[in-house]
Amino acid sequence: MQRLLAIESSCDETAACVMGMDGRVYSNIIASQIKTHALYGGVVPEIASRQHVEALPAVVARAVEQAGCTLQEIDYFACTYGPGLSGALLCGVNYAKGLSYALGKPLLGINHMEGHLMANHVSYPQLTPPYVCLLASGGHTMLLYVERFGQYHLLGETRDDAAGEAFDKAARALGLAYPGGPMIEKLAAEGNPKAYHFTRPRCENPLDFSFSGLKTAVINQIHNASQKGVELPVADLAASFRKAVVDCLVQNFQKAAEDFHCTTLVTAGGVSANSLLRSRLEALCGERGWKLYMPPKELCGDNAAMVGA
């Protein structure tokens, strides 16, 4: 069985995976930088790049060791080439280039967003196109019609902030720790999602998204409470904001499925780990009799298995 070694370094996760060409995952190692960047309230690109340089040799070595093979037994190398932080990407690309050149094996450059989409195929080998995919992460939010492997039609995308970015910025405004998405999630579980009403933005293309206004609305609520000296019900605000974002995602996702008469729905990206989004989509697909595929939470964020797939 031929093997592929994949490397992911687009942001603040250094990851490596050894995968068989039949899709079997032999190892999937992730070194997270969350604790480092939490000190600054967000990812610092220069620090991220330095930590990738430090972590890559050990992460790759551990992935190969766990897979029970040697680097010489790897048949193909793959790495994320973009989009992402340019310095962070260069670390993974250059490391993969070095391995490819030294061992005389082919190197494949992988699009990061296509990697997220393919995370579902790691867990669900039976999943085949066509399907509609909601790809929502810290840097991107888009709806795709996947006609077949390698052929994707962009149906809608964010006009400003990505969903994950909006969660992070709202969390920072609320004084929550980085990463903001999981913190909003934890706090929202204790709040009333109907306490605040946020106007759902609309775009010229009904399948496009816009989250900047929702984020600004949260900041305005915080400022108003501060100016009036009123104690802010933070959990209620977090719950209402989370509901507004999820409403937008589900509404457009449902419309895309209906417009394209597609009964298979797929989610991908870090935001697809959101528990409210997952439960809402499960309820929707259960009512409509649609098939729903969502990657396990450990494959929602950046990882190398999705790059290998």
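As a reminder, the structure under discussion sits directly above these lines.
Residues numbered from 1 in each chain as written. Predicted model: local features only at pLDDT ≥ 70, side-chain atom pairs only at ≥ 80, totals over all residues. Heavy atoms only, no water.

1. Remarks on the overall build of the chain
Point 1. Counting its secondary structure elements, the chain contains ten helices and ten strands.
Point 2. Taken over the C-alpha trace, the chain has a radius of gyration of 20 Å; the compact-globule value for 309 residues is 19 Å, and the two agree within 12%.
Point 3. Across its three principal directions, the C-alpha atoms of the chain cover 65 × 45 × 30 Å.
Point 4. Relative to its 309 residues, the chain shows a buried fraction of 49%.
Point 5. For the chain, the proportion of contacts with a sequence separation of at least 24, taken over those separated by at least 6, is 68%.
Point 6. When the accessible area of the chain is evaluated, it comes to approximately 14100 Å², of which 51% is carbon and sulfur surface.
Point 7. Of the charged side chains in the chain, 25 are positive and 29 negative, and the gap between their average positions amounts to 3 Å. (Helix = DSSP H or I, 4+ residues; strand = E, 2+ residues; numbered from the N terminus. Rg over C-alpha atoms; globule rule 2.2 N^0.38 Å. Buried < 20%, exposed > 50% of the residue type's maximum accessible area, 1.4 Å probe, protein only. Contact = heavy atoms within 4.5 Å. Areas by Shrake-Rupley, 256 points an atom, 1.4 Å probe, with all protein chains shown as cover. Lys, Arg positive; Asp, Glu negative; His and termini not counted. Charge placed at Lys NZ, Arg CZ, Asp CG, Glu CD.)

2. Some remarks on the environment of threonine 264
Point 1. By the element assignment, threonine 264 lies in strand β9 (residues 264–268).
Point 2. Note on threonine 264: relative accessible area 14%, which makes it buried.
Point 3. When near neighbours in sequence (up to four residues on either side) are disregarded, threonine 264 contacts Leu127, Pro130, Tyr131, Val132, Lys291 and Tyr293.

3. Some words on the sheet that holds strand β5 (residues 107–111)
Point 1. Strand order in this open sheet of five strands is β3-β2-β1-β4-β5, and the pairing throughout is mixed. Two strands lie at the open edges of the sheet, namely β3 (25–32) and β5, each paired on one side alone. Mean inter-strand twist for the sheet, computed between neighbouring axes without regard to direction, equals 20°.
Point 2. This element, helix α2 (residues 45–67), spans β1 (3–8), β2 (13–20) and β3 of the sheet and lies at about 25° to β2.
Point 3. Where helix α3 (residues 86–103) meets the sheet, its contacts fall on β1, β4 (76–82) and β5, and the angle it forms with β4 comes to roughly 155°. (Pairing = 2+ DSSP bridges. Axes fitted to C-alpha atoms, helices over the stretch in contact; angles between N-to-C directions.)

4. Let's talk about the pattern of salt bridges
Point 1. One pass over the full model with this rule turns up twelve salt bridges.
Point 2. Residue lysine 169 pairs with aspartate 161 through a salt bridge whose shortest N-O separation is 3.8 Å.
Point 3. By relative accessible area, lysine 169 is classed as partly exposed at 32%.
Point 4. Here lysine 255 and aspartate 259 are joined by a salt bridge, their closest N and O atoms 3.4 Å apart. With lysine 255 and aspartate 259 both in helix α8 (residues 234–259) and four residues apart, the pair spans about one turn of that helix.
Point 5. Judged by its relative accessible area of 31%, lysine 255 falls in the partly exposed class.
Point 6. On the basis of relative accessible area, aspartate 259 is assigned to the partly exposed category, the value being 39%. (Salt bridge = Lys/Arg side-chain N within 4 Å of Asp/Glu carboxyl O.)

5. Observations concerning the nonpolar core
Point 1. Cys133, Leu143, Phe211, Phe241 and Leu249 are the most contacted members of the largest nonpolar core, which totals 60 residues.
Point 2. Tallying contributions element by element places α8 first for this core, with 14 residues.
Point 3. Among all residues touching leucine 249, those that are not within four sequence positions of it are Leu134, Thr141, Ala163, Phe209, Phe211, Val271 and Leu277.
Point 4. Leu5, Ala16, Val60 and Val93 belong to the second-largest nonpolar core, a separate cluster that totals 20 residues. (Core = buried A, V, L, I, M, F, W, Y, C linked by side-chain atoms within 4.5 Å.)

6. Quick look at α3
Each full turn of the α-helix corresponds to 3.6 residues, which orients residues three or four apart in the same direction.
Point 1. Here α3 spans 26 Å end to end across 18 residues, near enough to the 26 Å set by a 1.5 Å rise per residue.
Point 2. The set of residues buried in α3 consists of Ala88, Leu89, Cys91, Gly92, Val93, Ala96, Leu99 and Ser100.
Point 3. The inward-facing, buried residues of α3 contact β1, α2, β4 and β5.
Point 4. Downstream of α3 by a residue or two, glycine 104 has a phi angle that is positive, lying close to 65°. (Expected span 1.5 Å × (residues − 1).)

Don't take any of this as a statement about function, it's just geometry.
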